[in-house]
Amino acid sequence: MRFYGCWVRSLPSREQVLALHMVCIMEYKHFIDGEFVTSHNRFENRRPSDNALLGMIHEGGAAEIDAAVRAAKRAMNGPWGKMTVSKRVELLYKVADEITRRFDEFVEAEMNDTGQPRSVQEHAFIPRGAANFKVFADVIKNVPTESFELETPDGAGALNYAKRVPKGVIGVICPWNAPFLLMTWKLGPALACGNAVVVKPSEETPATATLLAEVMRDVGVPAGVYNVVHGFGPDSAGEFLTRHPDVSAITFTGETRTGTAIMQAAALGMRDVSFELGGKNAGIVFADCDFDAAIEGIMRSAFLNCGQVCLGTERVYVERPIFDRFVQALKAKAEALNPGAPDAPGTTFGPLISQEHREKVLSYYAKAVEEGATVVTGGGVPQMPDELAQGAWIQPTIWTGLPESAAVVREEIFGPCCHIRPFDREDEVIELANDTDYGLSTTIWTTNLSRAHRVAGAIEVGITWVNSWFLRDLRTPFGGSKQSGIGREGGVHSLEFYTELRNICIKL
Ligand code: NAD
Ligand code: 6OD
């Protein structure tokens, strides 16, 4: 396999990473106007599973953002702006095929950046990269235009129709938890609609955006269409991108608080925003559920990706007759998770993204105890073998016994933890689930079909799963209610954000 330009037999150990530094220049450069470019300032990229230094990231500032936005603007006025839809679709298919051809490299890159197990990357996250390009290529091929024939006093008539045009330069700001999936989820529609993009990947996960630049270049996406500038958020590449006057719209996935800052910057130029933000999602388990399926589903939704999934379940409500049995069964599942190096066979549980994030999650673990929680399992840091001891490891954790006012029941933690509370009535659990500032997702477990429809319709969230979780046709609308987001992306719904409608009326 290739490890940032060097051929290696398997994912390198911490010592091998250090040795590889002698021969590999592991640098994450910006990609601007079809070229990899450097900055004077650089910062470290470390692997969360063992804190090994993976490489140095070039830190972009106002100059790099300006160069990237200008390149994107030129691309819009060049061959890309004039390209037919069918040619664009062909190119996006080539991007998808090249991602598939280089699948292992994307898996390696994401495993290194996030520390999450190979199986999670191979089955859940990386395949979505290619799918995100293909789905929106297909959508754009089949978009109808609206048209009306008008009667006019002279009898000649007029034709009034709507035409969709790209918005222009789209700023794409990404988080670290599923970097490639979430970035391509925005790039697919942005490029299918004919825009040019400037991507600001998370400072924690630069690799797959950089690798994708090679793919874009190699399949012939014109220079300036896909630009990447690395850096941080406030007073760095992220903020400069949101403030650049030639950025027409900003699509952002990340924390709700960051969304507020970005919206303020976007307001300056009346720029449109599309936001996928935080969540404090409820899992609802009725006594009539398929018990084993519910345990498996809640286990995944609470602990996949070390709990760093915006759609994850941090609040679980279980109907009283099965409450004790459920808590014990979920405890057994959590304790059976196998933390380990991302590519070690049998690893089912990865670390948090960074030491800093672990401090935050551990502070909630302490707060839960202060607020009187019963710690069913976990609550601390696991003992790891020496080679992984420097990683950001944390135990999957389950609490019971807290009031709904407790911080760990109200605030998004973004770690592998959940609080479980019993309920007695359907109306009671609907009220509990809705008692939050967030509104991203819910997962409901029941075999009663009428109840499934009734409860699903009453929960104030963007997406509700019944007897499943993280399962979705990419043509359906995706987004959050309340403080979990603004707008919907997915299928034709993405066109609302990535295109502008022009009204043309022709007198015949
Ligand atoms: P974050 O908000 O800290 O950072 C996200 C990105 O924004 C990073 O690239 C960062 O550099 C940039 N940024 C930070 N401040 C900025 C500013 N002032 N201006 C411009 N850019 C700025 O989020 P994170 O910690 O990377 O990701 C975790 C969060 O993302 C969680 O809250 C999670 O719920 C949310 N998330 C939501 C969804 C969804 O679909 N709703 C999906 C994934 C993650
Ligand atoms: O599936 C998606 O398209 C999506 N945006 C998932 C979000 C995952 C959050 O961590």
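Quick caveat, the model's predicted, so the values are computed rather than measured.

Basis of the calculations
- Residues numbered from 1 in each chain as written.
- Chains lettered and ligands numbered in written order.
- Predicted model: local features only at pLDDT ≥ 70, side-chain atom pairs only at ≥ 80, totals over all residues.
- Heavy atoms only, no water.
- Near = heavy atom within 4 Å.
- Polar contact = N/O pair within 3.5 Å; in protein donor to acceptor, adjacent residues only side chain to side chain.
- Areas by Shrake-Rupley, 256 points an atom, 1.4 Å probe, with all protein chains shown as cover.
- 1 Å grid on protein atoms, 1.4 Å probe; cavity = no way out; pocket = protein on both sides within 12 Å on 5 of 7 lines; lining within 4 Å.
- Sits in = over half its atoms within 2 Å of the grid points.
- Helix = DSSP H or I, 4+ residues; strand = E, 2+ residues; numbered from the N terminus.
- Nonpolar A, V, L, I, M, F, W, Y, C, P; charged D, E, K, R; others polar.
- Buried < 20%, exposed > 50% of the residue type's maximum accessible area, 1.4 Å probe, protein only.
- Pairing = 2+ DSSP bridges.
- Right-handed = clockwise from strand over helix to strand, strands pointing away.
- Points joined across faces, edges and corners; volume = space filled by probe spheres on them.
- pLDDT = per-residue confidence, 0-100.
- Contact = heavy atoms within 4.5 Å.
- Core = buried A, V, L, I, M, F, W, Y, C linked by side-chain atoms within 4.5 Å.
- Arc of directions from axis to C-beta.
- Phe/Tyr/Trp six-rings, centres within 6.5 Å; stacked < 30°, edge-to-face > 60°.

**A few points about the site of ligand 2**
Part 1 of the reasoning: The environment of ligand 2 is formed by Arg128, Asn177, Leu181, Leu182, Trp185, Glu276, Val309, Cys310, Leu311, Phe470, Arg472 and Phe478.
Part 2 of the reasoning: In this structure, an oxygen atom belonging to ligand 2 sits 2.5 Å away from a side-chain N or O atom of Arg472.
Part 3 of the reasoning: About the coverage of ligand 2: the protein hides 99% of its 300 Å² of free accessible area.
Part 4 of the reasoning: Taking a 2 Å distance to the grid points as the criterion, the majority of the atoms of ligand 2 fall inside the largest cavity.
Part 5 of the reasoning: For the shell around ligand 2, the leading source of residues is helix α8 (residues 179-192), giving three residues.
Part 6 of the reasoning: Across the shell around ligand 2, the residue classes break down as eight nonpolar, one polar and three charged.

**Some details on the pairing of strand β15 (residues 281-285)**
Each regular strand carries side chains that alternate between the two faces of the sheet.
Part 1 of the reasoning: Counting buried positions along β15 gives five out of five residues, so the element sits mostly inside the fold.
Part 2 of the reasoning: Of the two faces of β15, the one lined by Asn281, Gly283 and Val285 and the one lined by Ala282 and Ile284 are each fully buried.
Part 3 of the reasoning: Pairing of β15 with strand β16 (residues 313-319), which is carried by five bridges, proceeds in the parallel orientation. Pairing of Asn281 across the sheet is with Thr313, part of β16.
Part 4 of the reasoning: In this region the chain leaves β15, passes through helix α12 (residues 291-303) and returns to the parallel neighbour β16; the handedness of that crossover is right-handed.
Part 5 of the reasoning: Bridge analysis of β15 against strand β21 (residues 441-445) gives four bridges, and the strand direction is parallel. Bridge pairing in β21 links Val285 to Trp445.

**A few points about the layout of surface pockets**
Part 1 of the reasoning: In this structure, the largest pocket spans a volume of roughly 1,200 Å³.
Part 2 of the reasoning: Around the largest pocket, the lining comprises 42 residues; the ones closest to its centre are Trp176, Gly254, Glu255, Arg257 and Thr258.
Part 3 of the reasoning: Listed by contribution, the elements that provide at least two residues to the lining of the largest pocket are α10 (237-243), β13 (249-253), α11 (256-268) and α14 (355-370).

**Section: the confidence of the model for the protein**
Part 1 of the reasoning: Within the protein, residue pLDDT values average 95, and 95% of them lie at 70 or more.
Part 2 of the reasoning: The model gives residues 3-7 a pLDDT under 50, and that stretch makes 16 contacts with residues more than four places away or in other chains.

**Describing the nonpolar core**
One broad rule of soluble globular proteins: the nonpolar side chains tend to lie buried together.
Part 1 of the reasoning: Phe133, Leu212 and Tyr226 are the most contacted members of the largest nonpolar core, which totals 95 residues.
Part 2 of the reasoning: When residues in this core are grouped by element, the largest group, nine residues, is from α8.
Part 3 of the reasoning: Apart from residues no more than four positions distant in its own chain, Tyr226 is found in contact with Phe31, Met183, Leu187, Val197, Val199, Ala209, Leu212, Ala213 and Met216.
Part 4 of the reasoning: By size, the runner-up hydrophobic cluster in this structure holds 54 residues, among which are Ile394, Trp399, Ile420 and Phe423.

**A few points about helix α6 (residues 118-125)**
Part 1 of the reasoning: Listed as buried for α6 are Val120, Gln121 and Phe125. Projected onto a plane normal to the axis of α6, the buried residues spread over an arc of 95° and lie on a single side.
Part 2 of the reasoning: Buried residues along α6 sit in contact with α5 (103-114), α7 (127-141) and α8.

**Let's talk about the packing of aromatic side chains**
Part 1 of the reasoning: On inspection of all chains with the given rule, the structure shows 15 aromatic pairs.
Part 2 of the reasoning: When the centroid spacing of 4.3 Å and the interplanar angle of 35° are considered together, the rings of Phe43 and Phe232 count as tilted. Here Phe232 lies in the loop between β12 (226-228) and α10 and Phe43 lies in strand β6 (residues 42-46), a separation of 189 residues in the sequence.
Part 3 of the reasoning: Their ring planes at 80° and their centres at 5.7 Å tell us that Phe252 and Phe275 sit as a pair that is edge-to-face. Placement of Phe252 in strand β13 and of Phe275 in strand β14 (residues 272-276) is noted, with a sequence separation of 23 residues between them.

**A short note on the side chain of Lys280**
Part 1 of the reasoning: Relative to the helices and strands, Lys280 is located in the loop between β14 and β15.
Part 2 of the reasoning: Here the side chain of Lys280 touches Val408 through a polar contact of 2.8 Å, landing on its backbone oxygen.
Part 3 of the reasoning: Ignoring anything within four residues of it in the chain, the contact list for Lys280 reads Glu314, Arg315, Val408, Val409, Arg410, Glu411, Glu412, Ile413, Thr436 and Tyr438.

**Focus on empty space enclosed by the protein**
Part 1 of the reasoning: On inspection of all chains with the given rule, the structure shows four cavities of 30 Å³ or more.
Part 2 of the reasoning: Within this model, the largest cavity holds a volume of roughly 140 Å³.
Part 3 of the reasoning: As for the largest cavity, its lining consists of 16 residues, of which Leu181, Leu182, Cys310, Leu311 and Phe470 are closest to the centre.
Part 4 of the reasoning: Size it by volume and the second largest cavity reaches roughly 60 Å³.
Part 5 of the reasoning: Lining the second largest cavity are 14 residues; nearest its centre among them are Gly307, Val309, Gly312, Thr313 and Glu314.

**Some thoughts on unusual backbone geometry**
Both trends apply: most residues other than glycine have a negative phi, and most peptide bonds are in trans.
Part 1 of the reasoning: We note that Asn305 has phi near 60°; this positive angle belongs to a residue other than glycine.
Part 2 of the reasoning: Of note, Asn305 is situated in the loop between α12 and β16.
Part 3 of the reasoning: For Asn305, a relative accessible area of 3% translates into the label buried.
Part 4 of the reasoning: The phi dihedral of Cys306 falls on the positive side, at around 60°, and the residue is not glycine.
Part 5 of the reasoning: For Cys306, a relative accessible area of 0% translates into the label buried.

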